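Overview (structure and organization)
What follows is each chain in one-letter form.
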Amino acid sequence: MNIGPLQFSHEAAAQQKPIPPYAKWGTMAMEKTKERYPNAKIIDYLHVGRVTGPTSTTEKFKLWLKGQQKEFGVFVDIEFNPATNQVIKISFRETTR
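Residues numbered from 1 in each chain as written. Predicted model: local features only at pLDDT ≥ 70, side-chain atom pairs only at ≥ 80, totals over all residues. Heavy atoms only, no water.

**Details of the overall build of the protein chain**
Within the protein chain, the secondary structure is distributed over 2 helices and 4 strands. Taken from the N to the C terminus, the helices and strands of the protein chain come in the order α-α-β-β-β-β. By the burial criterion, 22% of the 97 residues in the protein chain qualify as buried. Excluding contacts between residues fewer than 6 apart, the proportion of contacts in the protein chain whose partners are at least 24 apart in sequence is 35%. (Helix = DSSP H or I, 4+ residues; strand = E, 2+ residues; numbered from the N terminus. Buried < 20%, exposed > 50% of the residue type's maximum accessible area, 1.4 Å probe, protein only. Contact = heavy atoms within 4.5 Å.)

**Digging into helix H2 (residues 23-36)**
Taking 1.5 Å per residue, 14 residues should reach 20 Å; H2 reaches 20 Å between its end C-alpha atoms and fits that length. For H2, the full list of buried residues reads Trp 25, Gly 26, Ala 29 and Thr 33. In an axial view of H2, the angular spread of the buried residues amounts to 105°, which keeps them on one side of the axis. Exposed positions of H2 whose direction lies more than 90 degrees from the buried face are Lys 34 and Glu 35. Elements that come into contact with the buried residues of H2 comprise strand E1 (41-52), strand E2 (57-66), strand E3 (71-80) and strand E4 (87-95). (Expected span 1.5 Å × (residues − 1). Arc of directions from axis to C-beta.)

**Some words on the nonpolar core**
Grouped together as the largest cluster of nonpolar side chains are 12 residues: Trp 25, Ala 29, Tyr 37, Ala 40, Phe 61, Leu 63, Leu 65, Phe 72, Val 74, Val 76, Ile 78 and Phe 80. Secondary-structure elements contributing two or more residues to this core are H2, E2 and E3. Top contributing element to this core by residue count: E3, with 5 residues. Excluding residues within four positions of it along the chain, Val 76 makes contact with Ala 29, Thr 33, Glu 59, Lys 60, Phe 61, Leu 63, Ile 90, Ser 91 and Phe 92. (Core = buried A, V, L, I, M, F, W, Y, C linked by side-chain atoms within 4.5 Å.)

**Details of the environment of Lys 66**
Mapped onto the fold, Lys 66 is located in strand E2. The sequence separation of Lys 66 and Asn 39 amounts to 27 residues, and the corresponding C-alpha distance is 8.8 Å. Other than its neighbours up to four places away in sequence, Lys 66 contacts Asn 39, Ala 40, Lys 41, Ile 43 and Glu 71.

**A few points about the sheet that holds E2**
Read from one edge to the other, the open sheet built from 4 strands follows the order E1-E2-E3-E4, with strand pairing classed as antiparallel. The two strands at the open ends of the sheet, each matched to only one other strand, are E1 and E4. When strand polarity is set aside, the average angle formed by the axes of neighbouring strands in this sheet is 20°. Here 10 bridges tie E1 to E2, and the two strands are oriented antiparallel to one another. What sits directly across from Lys 41, in E2, is Lys 66. Together, E1, E2, E3 and E4 form the strand contacts of H2, whose direction differs from that of E2 by roughly 50°. (Pairing = 2+ DSSP bridges. Axes fitted to C-alpha atoms, helices over the stretch in contact; angles between N-to-C directions.)

**Describing the confidence of the model for the protein chain**
This prediction gives the protein chain a mean pLDDT of 88; 85% of its residues lie at or above 70. Confidence over residues 1-10 falls short of pLDDT 50; this stretch has 2 contacts with residues more than four positions distant or in other chains. (pLDDT = per-residue confidence, 0-100.)

Printed below as a string of structure tokens:
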């Protein structure tokens, strides 16, 4: 069976997953973590979840970093106004797990 380029393109397009709604916040979490820890390399990324409050929403992430002396985790919470997508606060919390 000969598979032409048109069929291949169609199959590849069908396998693409939709971009999750937290993707832009995940990108921001990684950028801000790189700014805060410029000598560490991000080696893993996890979207922990979303918390929706009465006036704001918080996207929660856990990033695993490798520094010169150690590996460690950083929980990054990005709180924003869901109506305007304006960031209210970004918080970082280090963990050894």
